[in-house]
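Given next are the chains, with one letter for each unit.
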Amino acid sequence: MMHTDGYVLDLCYLVSSVTFIAGLRMMSSPKTARNGNLIAAAGMLLAVAATLLLSGDHASSEVLKLAIIIAGITLGGVAGWIVARSVKMTAMPQLVSLFNGMGGGCAAIIGLLEFGHKGGDAAARSVVAAGMIIGGVSFAGSVIAFLKLSGAIKRPFRMPGYNIVNGAVLAGVLVAAGLAVVAATSAPAYIALAVAALYGVLFVLPIGGADMPVVISLLNSFTGLAVAFSGLGYNNQAMLTGGVLVGAAGTFLTIIMCKAMNRSLVNVVFGAFGSPVAAAAAGTSIKGSVKDISVSDAAVLLNYASKVIIVPGYGLAVAQAQHAVHELETALAAKGVNVSYAIHPVAGRMPGHMNVLLAEANVDYDKLLDMESANPQFATTDVALVVGANDVVNPAARNTASSPIYGMPILDVESARNIIIVKRSMNTGYAGIENELFYNAKASMLFGDAKQVLAGLIAELKKI
Amino acid sequence: MEQLIAFAGSNIQMVYILILSVFLGVVVIGGVPSVLHTPLMSGANAIHGVVVVGAIIVVLKTDSTNYAALCLGFLAVVLGTLNVVGGFAVTDRMLEMFRPKKRRAP
């Protein structure tokens, strides 16, 4: 090993850190986003290659370890690539959550192994323990979030005194970690990690569907923090900058998302959003009747409209109807109808989820209106076509102070001349509350699977 | 407490990086349009995959005869690489769809 190797390694980490910062900056703007991601990936490749080639003493006994590392990278790389390339676009949120969990798990294992290496320094062991615990929480929490989003766990799980149980488990994590730091042996470290994982499970289990994006973003910043602690423990600048950047940016992104839903982070984590109690309280007050509309009548209404705004929601994603909705848009445009899309900031399961899906179906970027530019347009709109959206168009957010979504900005579909709501049933959305929009005199319900209904509309339009 | 202060003092440059990076992280994604929230989250997710560097170091540091630790280290490398490769690949797939020009139908 040449004596300059250490400096070269440090310089490589410096370059990597810069690519992470520049990459994140570029990812914040649509034009440069893709290149930003590639630049950050190149920086990552440099960091990994430099670590492999320049750290360690490379004695002959290292051959086994190098083989282990290369085998691990190959296995993880191939599996990650295949999964990332083959998964459906609708499954994106849970996939991000799963990959996040992998990173957390990696940080947790590093912490566990490092415990054996750190001798008498209690402060250094605290740093290692912090990385291990946060990584463990992030791993377990992300796996639960993955299971919830992919439908394996259906209902939010909450029992009386949940916050007390959670608090007790969290205290248990801290005590076990404290013991591990003081005792400087591995056994308490294993216990601390196990309790941390239990806390991660309990932390995510009760959180309702509408809040999942916030939780994934939060867990993302947790993993960032865990990586930062590992980096601090290793005196490794690339890990430190990468981890802290993601920890800070992730927390900031989490807050932005909470703002878009008019929820506080404390409420998301400790509140009872979507709990049966709140749903029952908010759901009893609506009177009136719901009007049905047939596919052919809806097609006629759309055909003679001059301006239509489509409001997509998660139902559209579930039904895989993004291509069908684009087809409907083209069919209407061919008849001279002005069609655009109104995208609520938290439509779908993640902010920007709808944009990603519609972009996949080749919908023109210019036709996607964000909430601020869409809302003034509804007053001059003939038909607002709501496809699988619910809470983001619920007037209760404006009118009912007792509603759990009160204060959340919503799309102003009520000002449109006609409202057609494509929905599978009268079931409530993720917030678990009734929607008085469905009882509006201007509103008609078009029941059915979004994809089939849209296909029906396209067929009827062709007949007219 | 004394040990913690001593630790911070002897690693003061790292502590500086840590504090400054917090501000940087917030500023650098400021003004991101909501359209890009999902890809940005996914991209940030890939970046914390740098934890794989730590996994490589921990394997290199492990005693060659400690097979249990080597197995755990192997698992850490696999998980870290999944985070990196999967994260960047999935982000690229999302961003691929935000091309400035609309693709022509064949």
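For clarity, every value in this text was computed on a predicted model and none was experimentally measured.

**Student:** How would you summarise the pairing of strand 6 (residues 443-447) of chain A if you had to cite specific residues and measurements?
**Tutor:** All names here are of chain A. Among the five residues that make up strand 6, four are buried, leaving the element largely enclosed by the rest of the structure. In the sheet, strand 5 (residues 418-423) pairs with strand 6 via five bridges, with the strands oriented parallel. Among the inter-strand pairings, lysine 423 is bridged to a residue of strand 6, identified as phenylalanine 447.

**Student:** With reference to specific residues and values, describe the packing of aromatic side chains.
**Tutor:** Residue and element names in this part refer to chain A. Enumeration over the complete set of coordinates arrives at two aromatic pairs over all chains. Among the aromatic side chains, those forming a connected cluster through ring pairs are Tyr199, Phe203 and Phe222. Stacked on the ring of tryptophan 81, the Lys or Arg arginine 85 has its end atom at 4.9 Å from the ring centre.

**Student:** Tell me about the side chain of A:Ser217, and please be specific about residues and values.
**Tutor:** With respect to the helices and strands, the residue A:Ser217 is situated in helix 8 (residues 212-234). A distance of 3.3 Å separates a polar atom in the side chain of A:Ser217 from the backbone oxygen of A:Gly250. For A:Ser217, the residues in contact, after removing those within four places along its chain, are A:Gly250, A:Leu253, A:Thr254, A:Met257 and B:Met41.

**Student:** I'd love a proper account of the interface of chain A and chain B, names of residues and values included.
**Tutor:** Note: interface size is frequently given as the accessible area lost on complex formation between the parts. Tallying the contact residues gives 104 residues for chain A and 82 residues for chain B. Regarding the contact of chain A and chain B, the summed buried area is about 8,500 Å², with carbon and sulfur atoms giving 77% of it. Among the salt bridges present, the one from A:Arg34 reaches B:Asp92, with a minimum N-O distance of 2.9 Å. Counting across the interface, chain A meets chain B through 18 residue pairs in polar contact (both at pLDDT 80 or more).

**Student:** Please provide a residue-by-residue account of helix 5 (residues 122-149) of chain A, values included.
**Tutor:** Residue and element names in this part refer to chain A. Compared with the 40 Å implied by 1.5 Å per residue over 28 residues, the 40 Å span of helix 5 between its first and last C-alpha is a close match. The element helix 5 is largely enclosed, with a buried count of 23 among its 28 residues. Glycine 151 sits one or two positions beyond helix 5 and adopts a positive phi of about 90 degrees.

**Student:** I'd like to hear about the sheet that holds strand 3 (residues 368-370) of chain A, residue by residue, with values.
**Tutor:** All names here are of chain A. In space, the six strands of this open sheet follow the order 3-2-1-4-5-6, with parallel pairing throughout. In this open sheet, the two edge strands, each paired with only one partner strand, are strand 3 and strand 6. Looking at each pair of strands side by side, their axes are set apart by 25 degrees on average, direction ignored. As defined by bridge partners, strand 1 (residues 307-312) adjoins strand 4 (residues 383-387) across five bridges and the pair is classed as parallel. Bridged to valine 311 within strand 4 is valine 386. Lying on the sheet, helix 14 (residues 322-334) is in contact with strand 1, strand 2 (338-343) and strand 4; it crosses strand 2 at an angle near 150 degrees.

**Student:** Just give me the short version of the environment of A:Val318, but keep the residues and values in it.
**Tutor:** One can find A:Val318 in helix 13 (residues 314-318). The spatial distance from the C-alpha of A:Val318 to the C-alpha of A:Asp391 is 16 Å, given a sequence separation of 73 residues.

What counts, and at which threshold
- Residues numbered from 1 in each chain as written.
- Chains lettered and ligands numbered in written order.
- Predicted model: local features only at pLDDT ≥ 70, side-chain atom pairs only at ≥ 80, totals over all residues.
- Heavy atoms only, no water.
- Buried < 20%, exposed > 50% of the residue type's maximum accessible area, 1.4 Å probe, protein only.
- Helix = DSSP H or I, 4+ residues; strand = E, 2+ residues; numbered from the N terminus.
- Pairing = 2+ DSSP bridges.
- Phe/Tyr/Trp six-rings, centres within 6.5 Å; stacked < 30°, edge-to-face > 60°.
- Lys NZ or Arg CZ within 6 Å of the ring centre and 35° of its normal.
- Polar contact = N/O pair within 3.5 Å; in protein donor to acceptor, adjacent residues only side chain to side chain.
- Contact = heavy atoms within 4.5 Å.
- Buried area = accessible area lost by both parts, 1.4 Å probe.
- Salt bridge = Lys/Arg side-chain N within 4 Å of Asp/Glu carboxyl O.
- Expected span 1.5 Å × (residues − 1).
- Axes fitted to C-alpha atoms, helices over the stretch in contact; angles between N-to-C directions.

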